[in-house]
Amino acid sequence: MQPTRDQRATLGALVDVLLNKGVYLDVDLIITVADIPLIGVNLRATIAGMETMLEYGMMQGWDERTRASVRQSVARHLPLRSGEDVLATMAGGLNEAGAEQGPAIWRLGTVLVTTQRLMVFRREPPEILWEAPRSDVATVTKKSEPSAGRSERTRVEVRLASGQEVVLQAARPEQLVSVLGSRNGIATATASRGRPGPPPRELDLEDASPEGQLLTSDLLFQETRAGSPVWRRGAAVYNVATGFTWKAAEDRRPAVQLTPREITRVRTEDQPDQETNGRILVIESSGGTVRLTGDRIAEWAQVLAEATGAAPG
């Protein structure tokens, strides 16, 4: 195998591959000085993210011991049900009034996600401030809103099948959304509290069926890594219900996910170089700007502008 050099490769891309796919090292190394062997290295190692390790049956004993330790720690304050396992725990609180009803009155505690429940628990005095079966969680939306100091703060809005709505604050909102969205049937989204309009549409898994696709093709997506733009290849899909998504083959989740309501403007730009073939597709949304390139750029711009009602460039 001959070494190769890819100008687009970055340390971040290497870490992504290590975490998502993993690498196996089988190394026999002898270090010599003046043709005299001094040091020998015999190395057999597997490097990957924990999810990948567990997926291939590695380190399961360590994972089980860690989960048992967490269960024992939580059980000292909160009795768990039979067969219930803790998936995530973090400092946080809840506002039962919901995101759109008057000033927020927060009840602080610990946000826990288990295999059976989502809850907010207070240790002193011990009390479950709010709980719901995970099977009742219908949608999870990550929202940005200004705090008292005018900085942006991320909240997590949870809607239940019964129609009840609560807003959670969590020390790690991205992890909370990811854990809750990992169960089939729960739709996750990102919304901006400051943008007027109706609440986010509740997505359903049936919306993402191939029948709803208007256009799909391979496109390059521009990311900024280590302060420099990097183009990554992946698959772009526009679905009439769920909107636009872009995902690389090595990614576990889409790097770009925009609902039709979030897309505000679509345009093309001329940028003649070897990577872009001369044209760039620019999608503007409430959350920022996305740049892509590849074949069928003009067709993408037309489909997105017509389907979303976004202002054309």
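Preceding this paragraph is the structure being described.
Quick notes on the rules
- Residues numbered from 1 in each chain as written.
- Predicted model: local features only at pLDDT ≥ 70, side-chain atom pairs only at ≥ 80, totals over all residues.
- Heavy atoms only, no water.
- Helix = DSSP H or I, 4+ residues; strand = E, 2+ residues; numbered from the N terminus.
- Contact = heavy atoms within 4.5 Å.
- Salt bridge = Lys/Arg side-chain N within 4 Å of Asp/Glu carboxyl O.
- Buried < 20%, exposed > 50% of the residue type's maximum accessible area, 1.4 Å probe, protein only.
- Arc of directions from axis to C-beta.
- Patch = residues over 30% accessible without salt bridge, like charges linked within 9 Å, V, L, I, M, F, W, Y side chains within 5 Å.
- Areas by Shrake-Rupley, 256 points an atom, 1.4 Å probe, with all protein chains shown as cover.
- Phe/Tyr/Trp six-rings, centres within 6.5 Å; stacked < 30°, edge-to-face > 60°.
- Core = buried A, V, L, I, M, F, W, Y, C linked by side-chain atoms within 4.5 Å.
- Pairing = 2+ DSSP bridges.
- Polar contact = N/O pair within 3.5 Å; in protein donor to acceptor, adjacent residues only side chain to side chain.

Chemist: I'd love a proper account of the overall build of the protein, names of residues and values included.
Modeler: Check the secondary structure of the protein and you find five helices and 18 strands. When contacts within the protein are restricted to residue pairs at least 6 apart in sequence, long-range pairs at least 24 apart make up 46% of them.

Chemist: Mind laying out the pattern of salt bridges, listing which residues take part and the relevant values?
Modeler: Tallying each qualifying case throughout the model produces 17 salt bridges. The partner of Arg-159 in a salt bridge is Glu-165, with the nearest N and O atoms 3.3 Å apart. Residues Arg-265 and Glu-284 are paired through a salt bridge, measuring 3.9 Å at the closest nitrogen-oxygen approach. Placement of the pair is Arg-265 in strand 15 (residues 263-271) and Glu-284 in strand 16 (residues 278-285), with a sequence separation of 19 residues. For Arg-265, a relative accessible area of 32% translates into the label partly exposed.

Chemist: Quick one: what's the story with helix 4 (residues 173-181), residue by residue and with numbers?
Modeler: Considered for burial, the residues of helix 4 that qualify are Pro-173, Leu-176, Val-177, Val-179 and Leu-180. Down the axis of helix 4, the buried side of the element spans an arc of 165 degrees, and every buried residue falls inside it.

Chemist: Which residues make up a nonpolar patch on the surface, and what values go with them?
Modeler: A contiguous nonpolar patch, built from Leu-29, Ile-31, Val-33, Ile-36, Leu-38, Ile-39, Val-41 and Leu-43 and spanning about 670 Å² of accessible area, is present on the exposed surface. With respect to the helices and strands, Ile-31 occurs in strand 1 (residues 23-33).

Chemist: Outline the packing of aromatic side chains, listing residues and values.
Modeler: Scanning all chains against the criterion turns up two aromatic pairs. For the pair Phe-221 and Trp-246, a centre-to-centre distance of 4.9 Å together with 45 degrees between the ring planes defines the contact as tilted. Of this pair, Phe-221 sits in strand 11 (residues 213-225) while Trp-246 sits in strand 13 (residues 243-247), and the two are 25 residues apart along the sequence. By relative accessible area, which is 10% here, Phe-221 ends up buried.

Chemist: Talk me through the nonpolar core; I want residue IDs and the actual numbers.
Modeler: Formed by 22 residues in total, the largest nonpolar core has its most connected members in Leu-118, Val-158, Leu-168 and Leu-176. Setting aside residues up to four positions removed in sequence, Leu-176 forms contacts with Met-90, Val-111, Val-113, Leu-118, Val-156, Leu-168 and Ala-170.

Chemist: Kindly report on the side chain of Gln-169, identifying the contributing residues and their values.
Modeler: Of note, Gln-169 is situated in strand 9 (residues 165-170). When residues no more than four places from it in sequence are discounted, the contact partners of Gln-169 are Ala-91, Gly-92, Gly-93, Trp-106, Leu-108, Val-111 and Arg-155.

Chemist: Could you give me a rundown of the pairing of strand 5 (residues 117-122), with the residues and numbers involved?
Modeler: Counted residue by residue, strand 5 has five buried out of six residues, so it is predominantly covered. The pairing of strand 4 (residues 107-114) with strand 5 spans four bridges and is antiparallel. Following the sheet pairing, Leu-112 is matched in strand 5 by Met-119. Linking strand 4 back to strand 5 in an antiparallel pair, the connection comprises two residues. One ladder, built from six bridges, connects strand 5 with strand 6 (residues 127-133); its direction is antiparallel. Looking at strand 6, one finds that Met-119 is bridged to Glu-131.

Chemist: Break down the environment of Thr-268 for me, citing the residues and quoting the values.
Modeler: If you trace the backbone, Thr-268 turns up in strand 15. Under the relative-accessibility criterion, Thr-268 is labelled partly exposed at 29%. Each C-alpha atom, one on Thr-268 and one on Ile-283, is 8.7 Å from the other, the two residues being 15 residues apart in sequence. Leaving out residues up to four positions away in the same chain, Thr-268 has contacts with Arg-279, Ile-280, Ile-297 and Ala-301. In terms of polar contacts, Thr-268 uses its side chain to reach the side chain of Arg-279, at 2.5 Å.

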